Amino acid sequence: MTSVLYDAPGPRAKLRNIILSVVFVVLMAVTVWWVWRTMDDKGQLEWALWKPFTQGEAWTTYLLPGLANTLKAAALAMVIALPLGAVFGIARMSDHKWVRVPAGAVVEFFRAIPVLLLMLFANEVYVGFSGISSDDRPLYAVVTGLVLYNASVLAEVVRAGILALPKGQTEAAQAIGLRKGQTMTFILLPQAVTAMLPAIVSQLVVIVKDTALGGVLLNFTELLNSRGTLAANYANVIPSFIVVAIIFIVLNFILTSFASWLEQRLRRSKRSTGAVLGAEQMEELNAAEVGGSFGTGAEGNPH
C-alpha cells in the first residue's frame with residue numbers, strides 16, 4: 001500500500017527494519033548494563049548515597065526551594081519575553097524604516113550575545129546603578145539575561161511564523177476593510193502563534209534550563225545550585241546529579257505536554273464553523289428563507 005508521502009516497505013525492507021531494531025535494543029541494553037556495572041563498581045549504588053532522597057529534609061531544605069526559584073525565574077522570563085518578542089517581531093516587519101531598523105538592530109544584537117554574558121553584564125549594571133539588595137540581585141540578573149536573549153529569539157520565531165502565512169490571509173482582511181493593525185492583531189498573529197507553537201515551546205524549555213547558568217556564576221540558588229549544597233552535605237555527587245536531571249526532564253516534559261494539548265485545542269477550535277443548529281432551528285431558518293424569497297403578503301415583507 002502506498003501514498004503520496006509514504007511507500008509501504010517490502011519484504012527486504014521489513015527484514016532490515018527488524019534487524020536494525022533488534023541491534024538498537026541490544027546496544028541500548030548493553031549500554032545500560034555497562035553504566036549500571038560502572039556505577040556499582042564505583043560504589044555509587046550504595047543505599048547510603050540514595051537514602052537522603054527518601055527523607056523529607058533533602059527535599060524541603062535543598063531541592064524544593066531550589067526548584068521554586070527555578071520556576072520563579074523561568075516564569076518571570078517567559079511572561080516578559082513572550083510579549084516583548086512579539087512586539088519586536090512585528091516591529092521588524094513595519095513599513096516605517098524608523099521602526100523597522102532599530103527593532104532589527106536590537107534583535108540581532110541581543111541574539112548574538114551568549115545569555116551567560118547578558119546575565120553577568122546585567123548583574124554588574126545592577127551592582128553599579130541600582131539599589132537592589134545582594135540577596136535579590138542574582139534573580140534580577142538571571143531574569144534580565146533570559147529576557148533579553150529569548151525575546152530576541154522569539155521575535156524571529158514570530159516574524160517567521162507571520163511571513164510563512166499565505167498572502168491570501170492579508171488580502172482577505174484588506175478586502176473586508178480591516179486596517180493593517182487589525183489584520184495583524186486579529187488575523188495574522190493568532191495564526192502565526194499557533195503554527196509556531198512548537199518552536200515557541202522549545203524556546204521556553206531553553207529558558208527553564210538556562211536558569212542553571214545563574215546558579216553557576218551568580219550564586220543564584222536555583223535547582224542545580226541547591227544540588228551542590230546537598231551533595232556537599234551528603235557526599236552523593238552523582239546521585240544528586242541524577243535526581244536533579246530527572247526533575248528537569250519531568251518539568252520539561254510537563255511543559256511540552258501542555259503545549260501539545262494547547263496546540264491541538266487551538267487547532268480544533270479553528271476548525272469549528274460555529275454553533276451547531278438543531279433540526280428545529282434548521283427548519284425555521286429554511287422556512288424564513290423560503291418566505292423571504294418567494295412569499296407574498298405579510299410573509300414576504302419583513303418588519
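Cut-offs and rules
Residues numbered from 1 in each chain as written. Predicted model: local features only at pLDDT ≥ 70, side-chain atom pairs only at ≥ 80, totals over all residues. Heavy atoms only, no water. Axes fitted to C-alpha atoms, helices over the stretch in contact; angles between N-to-C directions. Helix = DSSP H or I, 4+ residues; strand = E, 2+ residues; numbered from the N terminus. Parallel < 35°, antiparallel > 145°, perpendicular 65-115°, else oblique. Left-handed = near helix turned anticlockwise from the far one by under 90°. Contact = heavy atoms within 4.5 Å. Nonpolar A, V, L, I, M, F, W, Y, C, P; charged D, E, K, R; others polar. Phe/Tyr/Trp six-rings, centres within 6.5 Å; stacked < 30°, edge-to-face > 60°. Buried < 20%, exposed > 50% of the residue type's maximum accessible area, 1.4 Å probe, protein only. Lys NZ or Arg CZ within 6 Å of the ring centre and 35° of its normal. Salt bridge = Lys/Arg side-chain N within 4 Å of Asp/Glu carboxyl O. Core = buried A, V, L, I, M, F, W, Y, C linked by side-chain atoms within 4.5 Å. Lys, Arg positive; Asp, Glu negative; His and termini not counted. Expected span 1.5 Å × (residues − 1). Bend = angle between axes of the 7 residues up to and from the residue. 1 Å grid on protein atoms, 1.4 Å probe; cavity = no way out; pocket = protein on both sides within 12 Å on 5 of 7 lines; lining within 4 Å. Points joined across faces, edges and corners; volume = space filled by probe spheres on them.

S.K.: Help me understand the packing of helix H5 (residues 115–129) against helix H6 (residues 137–163), please; the structure alone is not making it clear to me.
M.R.: For any two helices packed against each other, the geometry is given by the interaxial angle and the distance between the axes. Put simply, H5 and H6 touch, their axes get as near as 8 Å, and they point 135 degrees apart. Accordingly, the angle class assigned to the pair H5 and H6 is oblique. You can see that H5 and H6 cross each other, and the crossing is right-handed. Taken together, the residues of H6 that come into contact with H5 (itself represented by Val-115, Leu-118, Met-119, Ala-122, Asn-123, Tyr-126 and Val-127) are Arg-137, Tyr-140, Ala-141, Val-142, Thr-144, Gly-145, Leu-146, Leu-148 and Tyr-149. Split into classes, the residues belonging to the contact of H5 with H6 amount to twelve nonpolar, three polar and one charged.

S.K.: Mind showing me how you'd approach the packing of aromatic side chains here?
M.R.: Any pair of aromatic rings gets described here by the distance separating the centres and the angle formed by the planes. Tallied over the full model, the rule gives five aromatic pairs. On the numbers, 6.4 Å between centres and 85 degrees between planes, the contact of Tyr-62 with Tyr-234 is edge-to-face. Taken together, the positions of Tyr-62 in helix H3 (residues 56–91) and Tyr-234 in helix H10 (residues 223–234) put the pair 172 residues apart, joining distant regions of the chain. Residue Tyr-234 is classed as partly exposed on the basis of its relative accessible area of 23%. Directly above the aromatic system of Phe-241 lies the positively charged group of Arg-227, at a separation of 3.7 Å from the ring centroid.

S.K.: Could you clarify how one ought to interpret the pattern of salt bridges in this entry?
M.R.: Close approach of charged atoms allows side chains with opposite charge to pair. This model, assessed by the stated rule, comprises six salt bridges. Put simply, Asp-95 and Lys-180 hold a salt bridge, and the shortest N to O gap is 2.7 Å. With Asp-95 in the loop between H3 and helix H4 (97–112) and Lys-180 in helix H8 (residues 180–195), this residue pair connects regions lying 85 residues apart in the sequence. Classification of Asp-95 by relative accessible area gives exposed; the value is 60%.

S.K.: How do you make sense of the nonpolar core when you look at a structure like this?
M.R.: Grouped burial of nonpolar side chains is what soluble globular proteins tend to show. Counting residues in hydrophobic clusters, the biggest one holds 41 residues, and the most contacted among them are Leu-63, Met-78, Val-142, Leu-146, Ile-207 and Leu-223. Secondary-structure elements contributing two or more residues to this core are H3, H5, H6, helix H9 (197–217), H10 and helix H11 (237–271). By size, the runner-up hydrophobic cluster in this structure holds seven residues, among which are Met-93, Val-158, Leu-188 and Ala-192.

S.K.: Looking at this structure, I do not really get the packing of H3 against H6. What am I missing?
M.R.: Following both chains from N to C, one finds H3 and H6 inclined at 40 degrees, their axes separated by 6 Å at the closest point. Taken together, the axes of H3 and H6 are oblique relative to one another. Considering only the axes of H3 and H6, their crossing is right-handed. Its residues assigned to classes, the contact of H3 with H6 shows 20 nonpolar, three polar and two charged.

S.K.: Help me out: how do you make sense of the environment of Ala-48 in this one?
M.R.: By secondary structure assignment, the location of Ala-48 is in helix H2 (residues 47–50). The exposure class of Ala-48 is exposed, given its relative accessible area of 56%. On a C-alpha basis, the gap between Ala-48 and Ala-235 in space is 9.6 Å, while along the polypeptide they are 187 residues apart.

S.K.: Is there a simple way to explain the side chain of Arg-227 in this structure?
M.R.: Its place among the elements puts Arg-227 in helix H10. Despite its burial, Arg-227 pairs with no opposite charge, the nearest such side chain being Glu-222 at 8.2 Å. In this structure, Arg-227 is in contact with Val-237, Ser-240, Phe-241 and Val-244, ignoring residues within four places of it in sequence.

S.K.: What is the right way to look at H9 in this model?
M.R.: Residues separated by three or four positions in an α-helix point in the same direction, a consequence of the helix having 3.6 residues per turn. Taking 1.5 Å per residue as the helical rise, H9 with its 21 residues ought to reach 30 Å, and the 32 Å between its terminal C-alpha atoms agrees with that figure. Of all the bends in H9, the greatest measures close to 25 degrees and is centred on Val-208. Directly beyond the C-terminal end of H9, a positive phi value near 60 degrees is found at Asn-219.

S.K.: What am I meant to see in the layout of surface pockets here?
M.R.: Any empty space left between atoms is shown by rolling a water-sized probe over those atoms. One number sums up the size of the largest pocket: a volume of about 380 Å³. In terms of lining, the largest pocket is formed by 19 residues, of which the most central are Ile-162, Thr-170, Lys-180, Met-184 and Leu-188. Those elements giving two or more residues to the lining of the largest pocket turn out to be H3, H6, helix H7 (167–175) and H8. By residue number, the principal contributor to the lining of the largest pocket is H8, which donates four residues.

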